[in-house]
Every structure is written in C-alpha cells, then in structure tokens.
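Chain by chain, the residues:
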Amino acid sequence: MDAGADRRGVVRLYDTARREVAPLDPGPVATLYSCGITPYDSAHLGHAQVYLTFDVLQRRLRDLGHETRCVRNVTDVDDDILRKARELGVHYLDLAAEEIARFDADMAALGLIAAWSEPRATSAIAEILTLIGSVLESGHAYQAGGAVYFDVTTFERFGALSHLDQPTMVAMAAEHGGNPDDPNKRNPLDFVLWQPSLPDEPSWESRWGPGRPGWHIECSALALRELGETVDVHGGGRDLVFPHHECETAQSESVTGRPFVRHWLHVGLVGLDGTKMSKSLGNLVFVGDLVKEWEPTAIRLALLHHHYRPDWEWTDEDMPRAAARLHAWRAASLGVAPPDAPDAGAPVADPGLDLVRSFLDDDLDTPGALAALDAEAAAGRSVVRGAGLLGVTL
Ligand SMILES: [Zn+2]
C-alpha cells in the first residue's frame, strides 16, 4: 500500500487560454507536450527553465499516482538550422546530431526526467503531408505559388489563445518570420503549412510540389501522432504563444474538430543585463558552461528559486545563493533520519514533503516550496523527501 491518503491533492495551474489558475485533471495517464529545441546552438538557461518546469510538474503528477508521457520534439529542419548549417558549411543533420547530444547531456546533468519521446521533425514528413492534406480537404487551407497556406479567416477562434488583436498579431507574425507581405497570402496572418525549398535546402516530394514543412505544422503532426487528438498540457516558452501555439491550435482543431489542448503552460523568459536571453542578441548563459563551475544540483536549485511564470533576470547572485541553500539543506539532513511511517502502510508524516506538495499544487510555486524547506532545515529537520520531490538529491 502506498501513502496515497497523504498525497491527495489537485495541481492547480495557470492556463494561458483561460487566463486563470485552474485545476489540472488528467486521467491515469497525463499527456504533456513541450515544444523542443531547434538544434543549432547550445541550451541556455531559458531552455532549461522551460524543461525544468515540465519536469517538476511531472514529478508532482507522478507523486499523485499518474503516469506521465511528456513529448519533447526536435525541430531539425527550419530556417534557423538551415542558415547555421550553411554558415558552418556542414550538413544540417550533422549539426542537429551534435547539438541534440549536447542538449541531452545538459538536461541529464540537471536531473531532468528523460522525455517519453523525443521525435524529430524529419521523422514525421509522412504525417505532416497527411495532415496538410486533411487541412486542405477540410477547407481551411489553400495552395498558391507552390506553397500551402492556412486560411485564418476560416477559423473563428484564431487569437483566442493569445488574446491579441489583429494589428498586434500581424506585427508579431512579421517579427517571427511570418512574412505578412507574401503576395501569395490572402490574409497577412495566413501561415505556411508547406513551402518550396531554396535550391540548397532539403526538399521532399509532395502533392503540392517539392518543398519542406512550415514551422508550426510539425508540432501538430507530432502531437497527434504521439499523444492523440487532445493533449493535457502543452506549452513552452512564453514567446511561443503567438504565433506558434495559436497556429498549432488552428490547424489541429480544423482537422480533428476537438480541443487540441486542455491546459496551456507558458514559461517566462530569462533575461540577462535587462534583456531577454536570446541567440540573436548573444547574451546567453549556457548550461554547459555553468556545469563546469557548479554542481548541477545547485543549478537546478538556482532555477527553482524563480517562479516559472513571470520573466526574470539571471544575476551573479543566483549561483552562490543556490549553493549556500544546498549546503544548508545537506547540513540539516545529514545524519538526521527523515520522519518514519509509524506503521507499515501508514502515510509518511513528513511536514517538509507535505509543504512542497501544497506549494507545487498552487501553480507550481517552487519559490514557496524552497522557502518552506529553508525553514524546515533551519529548525533542524531533514528535508530529504521534500527536496526529492523537487528532483533535488541531497
Ligand atoms: Zn511546437
């Protein structure tokens, strides 16, 4: 018998679409999809924070008795990776292989639960072609100039996830390479499902001419293939809400007629020196560099100190503070037995663990959980179990 009586709880999580904290109520198997990397550069702390958020959520869901299946795709064909491969003079799949290995090593160092599956976009060309065919048949897409576009005017709820008005969406689509002035488009917000490749780019045969997939269709095809029509939790960095997730929703629901996602989880961006960390700005802190200097467990704690939802700034104080906290927790727990179950089968009474559970159930309040364990440790009690639920091994 397990300690189920003590674990009862419901994870309440902010949902981007409803704009409120709402209970997450998956079945026995919780399905999650976190938008993965484009493997052309190393993982920075912004990536780590996204995947760590999905990791902590999975740990609490497993603690509640759910099985979790978290898909993390790899966008191994898109504008960014093709441009970088061109610059380096290497094959784009060789670049992808190298960066995927580095990314997996970084995430393993941080103690992340391995993804249930880590499918690559290039593994799903057949599914992508089938899905584009279905979007066309459903009357939500059109062909022009060798490309296939989604027709946003046919999807009434377009914008319902991001809550943005039309001019804002047009401006943001332009920023994200959406090319609103493309003369083949009927509406500036229409987005590419299939596009002709440039002469030196990879190209696949299709009914609409040779080419390659658009950015958004890959995630819809992979989510449908791996997890079915409706995913319990889908998300990624806050910057993916629009256009990426809005477009995914439109094309998926147009075909299935069913809700694509029950709960949208978006993670705030990590800044450095007053600006969002991004590859284009070059102001990045890489996980691979931090692990050379610091214990990975301390890096994990440094990230957990920040709530997942708001944007935040990385500073020189983050790592020393996390290392000191880890030291204090270990000092309090070393040689102190965690509270025992009084009888075999009875729930474990562990105040630290219960506090972590209740903080996680409140929109994954990891800063609150850390502060609670600080107080437990300061009172001389072992925090092994509470830390363990956060994936922190003492
Ligand atoms: Zn995606």
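In this text, all values refer to a predicted model and were calculated from it rather than measured experimentally. (Residues numbered from 1 in each chain as written. Predicted model: local features only at pLDDT ≥ 70, side-chain atom pairs only at ≥ 80, totals over all residues. Heavy atoms only, no water.)

Next up on the list: the overall build of the chain. A tally of regular secondary structure across the chain gives 14 helices and 13 strands. In terms of overall dimensions, the chain is globule-like: its C-alpha atoms have a radius of gyration of 22 Å, near the 21 Å expected for 394 residues. Expressed as lengths along the three principal axes of its C-alpha atoms, the size of the chain is roughly 70 × 45 × 35 Å. Residues classed as buried in the chain amount to 55% of the 394 residues present. In the chain, the share of contacts with a sequence separation of at least 24, taken over all contacts with a separation of at least 6, comes to 76%. For the chain, the exposed area adds up to about 16500 Å²; of that, 52% sits on carbon and sulfur atoms. (Helix = DSSP H or I, 4+ residues; strand = E, 2+ residues; numbered from the N terminus. Rg over C-alpha atoms; globule rule 2.2 N^0.38 Å. Buried < 20%, exposed > 50% of the residue type's maximum accessible area, 1.4 Å probe, protein only. Contact = heavy atoms within 4.5 Å. Areas by Shrake-Rupley, 256 points an atom, 1.4 Å probe, with all protein chains shown as cover.)

A separate point is the domain arrangement of the chain. Each assigned domain of the chain is listed with its residue range as follows: domain 1 (11-267) and domain 2 (287-389). Counting residues at the interface gives 27 residues for domain 1, matched by 25 residues for domain 2. Between domain 1 and domain 2, roughly 2300 Å² of surface is buried when both sides are summed, and carbon and sulfur atoms account for 61% of that area. On the domain 1 side of the contact with domain 2, Leu45, Arg60 and Leu110 bury the most area, a combined 27% of that side's loss. (Domains from an automatic or database assignment. Buried area = accessible area lost by both parts, 1.4 Å probe.)

A cluster of acidic side chains, namely Asp273, Glu313, Asp316 and Glu317, defines a negative patch on the protein surface. If you trace the backbone, Glu313 turns up in strand S13 (residues 312-314). (Patch = residues over 30% accessible without salt bridge, like charges linked within 9 Å, V, L, I, M, F, W, Y side chains within 5 Å. Salt bridge = Lys/Arg side-chain N within 4 Å of Asp/Glu carboxyl O. Lys, Arg positive; Asp, Glu negative; His and termini not counted. Charge placed at Lys NZ, Arg CZ, Asp CG, Glu CD.)

All of the protein donors around the zinc ion are Cys35 (SG), Cys219 (SG) and His244 (NE2); their distances to the metal are 2.0 to 2.1 Å. Each donor residue of the zinc ion lies on one chain, and together they are spaced C-x183-C-x24-H. Pair noted here: Cys35 is in the loop between strand S3 (29-34) and helix H2 (45-63) and His244 is in helix H8 (residues 241-256), with a separation of 209 residues, a long-range link. Across the pair, His244 and Cys35 agree in class, each one buried. (Donors = N, O, S within 2.8 Å, 3.2 Å for Na, K, Ca; no water.)

Time to look at the nonpolar core. Nonpolar side chains in soluble globular proteins tend to end up buried together. If you look at the biggest cluster of nonpolar residues, it comprises 59 residues, and the most contacted ones within it are Leu57, Trp314, Trp329 and Leu390. Each of domain 1 (11-267) and domain 2 (287-389) gives at least three residues to this core. With near-sequence residues (within four places) excluded, Trp329 lies in contact with Leu301, Leu370, Leu373, Asp374, Ala377, Val383, Ala387, Val392 and Leu394. Among the nonpolar cores identified, the runner-up in size contains 39 residues, and Ile125, Val148, Ala223 and Cys247 belong to it. (Core = buried A, V, L, I, M, F, W, Y, C linked by side-chain atoms within 4.5 Å.)

Turning to the environment of Ala324, a few remarks are in order. Within the secondary structure, Ala324 is located in helix H11 (residues 318-333). The class of Ala324 is partly exposed, set by a relative accessible area of 45%. The sequence separation of Ala324 and Ala298 amounts to 26 residues, and the corresponding C-alpha distance is 8.8 Å.

For the pair helix H12 (residues 351-361) and helix H13 (residues 366-378), interaxial distance at closest approach is 8 Å and the crossing angle is 165°. When the axis of H12 is compared with that of H13, the two are roughly antiparallel. The element H12 and its partner H13 pack so that their crossing is right-handed. Touching Pro351, Gly352, Leu355, Val356, Phe359 and Leu360 of H12 are Thr366, Gly368, Ala369, Ala372, Leu373 and Glu376, all from H13. For the contact of H12 with H13, a count of residues per class yields eight nonpolar, three polar and one charged. (Axes fitted to C-alpha atoms, helices over the stretch in contact; angles between N-to-C directions. Parallel < 35°, antiparallel > 145°, perpendicular 65-115°, else oblique. Left-handed = near helix turned anticlockwise from the far one by under 90°. Nonpolar A, V, L, I, M, F, W, Y, C, P; charged D, E, K, R; others polar.)

The side chains of a regular strand alternate, residue by residue, between the two faces of the sheet. Where strand S1 (residues 12-15) lies against strand S2 (residues 20-23), four bridges are found, and the strand directions are antiparallel. What sits directly across from Arg12, in S2, is Pro23. The hairpin formed by S1 and S2 contains four residues between the paired strands, and Arg19 there has a positive phi angle of roughly 55°. (Pairing = 2+ DSSP bridges.)

According to the stated counting rule, one finds nine aromatic pairs in the structure shown. Taken together, a centroid distance of 5.6 Å and an interplanar angle of 25° make the contact between Tyr142 and Tyr149 stacked. When its relative accessible area of 2% is taken as the criterion, Tyr149 is described as buried. Judged by centre distance (6.2 Å) and plane angle (75°), the ring pair of Phe158 and Phe242 falls under edge-to-face. In this pair, Phe158 sits in the loop between strand S6 (147-150) and helix H6 (166-175) while Phe242 sits in helix H8, placing the two residues 84 residues apart along the sequence. Of the two residues examined, Phe158 and Phe242, each falls in the buried class. (Phe/Tyr/Trp six-rings, centres within 6.5 Å; stacked < 30°, edge-to-face > 60°.)

Let's shift gears to the packing of H2 against H12. Running from N to C, H2 and H12 cross one another at 120°; their axes reach a closest spacing of 11 Å. Considered as vectors, H2 and H12 are oriented oblique to each other. For the element pair H2 and H12, the recorded crossing hand is left-handed. Listed contacts from H12 to Val56, Arg60 and Asp63 of H2 are Arg357, Leu360 and Asp361. Across the contact of H2 with H12, the residue classes break down as two nonpolar, no polar and four charged.

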